[in-house]
Amino acid sequence: MTPPTTPVIDTPTPPATDTGSTTGMPAATGRREPSRPGWLGAVAVAAGAAVLASLGTVGALNAFGSPADAATSSTSASASQSAPLVKGSTTAPNWVATAAAVKPSVVSVRVQAADGSGDEGSGVVLDTTGRVLTNNHVVAAGAGSGATISVVLQDGRTYKATIVGTDPSTDLAVLAVQQPPRDLVPATFADSAQVKVGDPVMAIGNPLGLSSTTTTGVVSALNRPVTTAAEAPQQQDPQQQDPQQAPQGGAGQAQPQGEQVVTDAIQTDAAVNPGNSGGALVDSGGRVIGITSSIASLGASQGGQAGSIGLGFAIPANEAKDVAQQLINGGRVQHAYLGVTLADGTASLDGAERSAAVVGTVTPGSPAAKGGLQAKDAIIAVDGRPLEGANSLVAQVRSQRPGGTVDLTVVRGDKQQVLHLTLAAKPAANG
C-alpha cells in the first residue's frame, strides 16, 4: 500500500477539497505507529524498529492479531458513568475481585469467512439486549457474503451475531447477539477523561484464543497518537446487515480502504497480545476506561506474529461509548472536522524548537477558516497540551464531538497566539 503523503485533520474520509494523510507515516493496513519523533516506519520492521499493529486478523483482515481479533468493549446503550463495581483504591487494587466482576462482561468474538478461514478476538457487552462493542478491523471480514459471526460468553455458551453498524474512522463496531440470554452482564464504563498516568489497570480479553485472560499494569501515557489503515467493509450480505432489517440500527459506513484511522489513545504496559483486540481495559474499580486495539512490537521473523513488549494502546471509553450510541441509534457517526491539510514540522519560539502540525491548505468556510487559521501556521498545542506533530492534532480533534470548542496555540512568523475554534461535523464524502 502506498503511504499517503499529507495528513488531513478530518481523515480518514476527507472532503473533496482535502487530500492525503500524515507525511512520513506509512499507513499499511493493520500497522500502527505513533508520530512521535524517533519511531521508525513499518518498512523498518525487519530491522527491529518498533511498530504499532492493530490486534486484528492476519488472514482475511490483513491486520496484526490472532485470527479474527474481535475484542470489544462498550457500555450499555443508555448507561453513563457508573460507580465502581469493586471496592478498592489505586494504591491497593483488589485484582481478584475486579477480574471476577468484569469477566462476565467480556466475550470472545469469532468470525468465519465464506472461504472457511476463521479469526477470533474479543468483545464487551453493552447491554442486556445483546449488543456488543468491538473493533471494526475484527469484524470487517464478517460483513462479506456468506460470513458468520459468533459471540462466546465466559461460560462457553455460543450465539450467532450480526453487525449493527461499523465506523471505520474510529475502528469501532457494534454487534447484536441473536436470541440473547437473559443473564447477560453489561460492562460498566468510567469517564476516561478522569484517567491519570500511573493509574493501575487490567486488560481482559481473548489473546490467542485463551478466553478471559487478565493482565495488569498501569496507564503509561495519555493522548498518544496512534495510526492505522482503516478496514474497508467487504460486500455486505443482506442477511448479515441491512439498513431496513438490522434490528439494532443502521449498516456500516463504507469507506475507501487505506485511509488512516487516528486514535488519541491510552497507553498501557499491561500485557496485550493478538486476540485482545476489542477487549476491555478496566480500572481498579472494574470500570471500562478503554477498548484495547493495538500494540507496539519489534516485529516477527518469517511472517510470524509478535507479542507484547509492554506497549499497548486502547481507544478511550468516552469516544467508544459515543460512537457505539450513534451506531445503535442507526445514524451515521458524526466526526469533528477542522478542514485543513497538515504536515509534521517544528516551530521556533523563545529560543527553543517545538514539534508542530504545520497547516498546508485551509478549506474555505470550514471551522479552521472561520477560526482564523492560515496556511503555514504552526500549531504547537491543543487546549494547552503540546503536540507531537500532525497526527497528534488529528487524534485530539477526532476525539472531540462536533460543536465542541478547542483552543489552538499557533506560531505565525515569530509570534504566538491562541485561536478559539468551534468544531463542525465532517461533511459527507462527495456531498
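Higher on the page you've got the structure.
None of the values given here were measured: they were computed from a predicted structure.

A.B. asks: What should I look at first to understand the overall build of the protein chain in this one?
C.D. replies: In terms of regular secondary structure, the protein chain is built from five helices and 22 strands. Scored against the burial criterion, the 431 residues of the protein chain give a buried share of 57%. Across the protein chain, every contact between residues at least 6 apart in sequence was considered, and the portion connecting residues at least 24 apart equals 69%. By element, 50% of the accessible surface of the protein chain is carried by carbon and sulfur atoms, the whole surface being about 16,100 Å².

A.B. asks: I tried to follow the side chain of threonine 170 on my own but got confused; where do I start?
C.D. replies: If you trace the backbone, threonine 170 turns up in the loop between β7 (158–167) and β8 (172–177). Given the relative accessible area of 4%, threonine 170 is considered buried. Engagement of the side chain of threonine 170 in a polar contact is seen with the side chain of aspartate 167, the distance being 2.6 Å. Sequence-distant contacts of threonine 170, that is, excluding residues within four places in its chain, are made with Val261, Ile315, Glu319, Val323, His335 and Arg398.

A.B. asks: Mind showing me how you'd approach helix α1 (residues 95–102) here?
C.D. replies: By the burial criterion, the buried members of α1 are Thr98, Ala99 and Val102. Looking straight down α1, one finds that the buried residues subtend no more than 95° of arc, so they occupy a single side. Facing away from the buried side of α1 by more than 90 degrees, the exposed set consists of Val96 and Ala100.

A.B. asks: What is the right way to read the nonpolar core from this model?
C.D. replies: A general trend in soluble globular proteins is that nonpolar side chains are found buried together. Leu126, Leu133, Val174, Val288 and Ile291 are the most contacted members of the largest nonpolar core, which totals 26 residues. Only α1, β8, β9 (200–205), β12 (280–283), β13 (288–297) and α3 (317–328) provide two or more residues apiece to this core. The greatest single-element share of this core, amounting to six residues, is contributed by α3. With 23 residues, the next largest nonpolar core counts Val340, Ala368, Val394 and Leu421 among its residues.

A.B. asks: Looking at this structure, how should I read α3?
C.D. replies: For an α-helix, 3.6 residues make a turn, and residues three or four places apart therefore share a direction. Taking 1.5 Å of rise per residue, the twelve residues of α3 would be expected to cover 16 Å, and the 16 Å separating its terminal C-alpha atoms lies within 8% of that figure. A large share of α3 lies buried, amounting to nine of its twelve residues. Residues of α3 that are buried include every one of Ala317, Glu319, Ala320, Lys321, Val323, Ala324, Gln326, Leu327 and Ile328, and no others. At its buried positions, α3 is contacted by β5 (131–134), β7, β8, β13, β14 (312–316) and α5 (390–398). Looking one or two residues past α3, glycine 330 carries a phi angle of roughly 85°, positive in sign.

A.B. asks: Help me out: how do you make sense of the pattern of salt bridges in this one?
C.D. replies: This structure, assessed with the given rule, holds eight salt bridges. Salt-bridge contacts for arginine 157 lead to aspartate 183; the nearest nitrogen and oxygen are separated by 2.9 Å. In this pair, arginine 157 is assigned in the loop between β6 (148–152) and β7 and aspartate 183 in the loop between β8 and β9, connecting sequence segments 26 residues apart. In this structure, arginine 401 engages aspartate 322 in a salt bridge whose closest nitrogen and oxygen atoms are separated by 3.1 Å. Here arginine 401, found in the loop between α5 and β20 (405–412), pairs with aspartate 322, found in helix α3; they are 79 residues apart in sequence, far enough to count as distant. The network of salt bridges with shared partners includes Asp155, Arg157 and Asp183.

A.B. asks: Please explain unusual backbone geometry as it appears in this structure.
C.D. replies: What is expected of a backbone is that most residues other than glycine have negative phi and most peptide bonds are trans. One non-glycine residue, glutamine 179, lies in the positive phi region at around 50°. Relative to the assigned elements, glutamine 179 resides in the loop between β8 and β9. Exposure remark for glutamine 179: the relative accessible area of 73% places this residue in the exposed category. Even without being glycine, asparagine 223 reaches a positive phi, approximately 55°. Locating asparagine 223 in the fold gives a position in strand β10 (residues 213–229).

A.B. asks: Would you mind showing me how to read the pairing of strand β4 (residues 118–125) here?
C.D. replies: Within β4, seven of the eight residues are buried, leaving the element largely enclosed by the surrounding structure. Sheet analysis places strand β3 (residues 106–112) next to β4, joined by seven bridges and oriented antiparallel. Bridging from a neighbouring strand, arginine 110 pairs with glutamate 120 of β4. Where β3 hands over to β4, the hairpin turn is made up of five residues, of which glycine 116 adopts a positive phi near 95°. Two elements, β4 and β5, share two bridges in a ladder whose sense is antiparallel. Paired with valine 124 across the two strands is leucine 133, which belongs to β5. Taken together, β4 and the strand that follows it, β5, pair antiparallel across an intervening segment of five residues, in which glycine 130 is found at a positive phi of about 105°.

A.B. asks: Help me understand the layout of surface pockets, please; the structure alone is not making it clear to me.
C.D. replies: Where empty space is left can be seen by rolling a probe of water-molecule size over the atoms. Considering only enclosed or pocket space, the largest pocket measures out at about 540 Å³ in volume. What lines the largest pocket is a set of 24 residues, among which Ser192, Asp264, Pro316, Asn318 and Ser399 lie closest to the centre. Among the elements of the structure, β10, β11 (260–268) and α3 are those that each provide at least two residues to the lining of the largest pocket. Considering every element that reaches the lining of the largest pocket, the biggest residue donor is α3, with five residues.

Calculation criteria
- Counting of residues starts from 1 at the beginning of each chain's written sequence and follows it residue by residue.
- With the structure being a predicted model, the display of local features is reserved for residues of pLDDT at least 70 and the display and counting of side-chain atom pairs for 80 or more, all residues being used for whole-chain, interface and lining totals.
- To obtain the side-chain values, all non-hydrogen atoms of the structure were used and water was disregarded.
- Secondary structure elements are taken from DSSP: a helix is a run of H or I of four residues or more, a strand is a run of E of two residues or more, and numbering for both begins at the N terminus.
- Exposure categories follow from relative accessible area, calculated using a 1.4 Å probe and restricted to protein chains: below 20% of the type maximum is buried, above 50% is exposed, and the middle band is partly exposed.
- Note on contacts: a residue pair qualifies if any of its non-hydrogen atoms lie within 4.5 Å across the two residues.
- Each accessible area value is a Shrake-Rupley result obtained with a 1.4 Å probe; residue values ignore everything except the protein chains displayed when judging cover.
- We call two N or O atoms a polar contact when they sit within 3.5 Å, provided that within protein one can donate a hydrogen and the other can accept it, with sequence-adjacent residues counted only if both atoms are side-chain atoms.
- As used here, the arc belongs to the directions running from the helix axis to the C-beta atoms.
- By nonpolar core we mean a set of buried residues, namely Ala, Val, Leu, Ile, Met, Phe, Trp, Tyr and Cys, connected to one another through side-chain atoms within 4.5 Å.
- Expected span of a helix, by definition, is 1.5 Å for each gap between consecutive residues, and there is one gap fewer than residues.
- Think of a salt bridge as a Lys or Arg side-chain nitrogen and an Asp or Glu carboxyl oxygen that are within 4 Å of each other.
- Paired strands, in this sense, are two strands between which DSSP finds at least two bridges.
- Whether a set of points on the 1 Å grid over the protein atoms alone is a cavity depends on a 1.4 Å probe fitting there but being unable to get out, while an open set qualifies as a pocket with protein on both sides within 12 Å along at least five of seven lines; lining residues are those with an atom within 4 Å of a point.
- Grid points are joined across faces, edges and corners, and a volume is the space filled by probe spheres set on the points.

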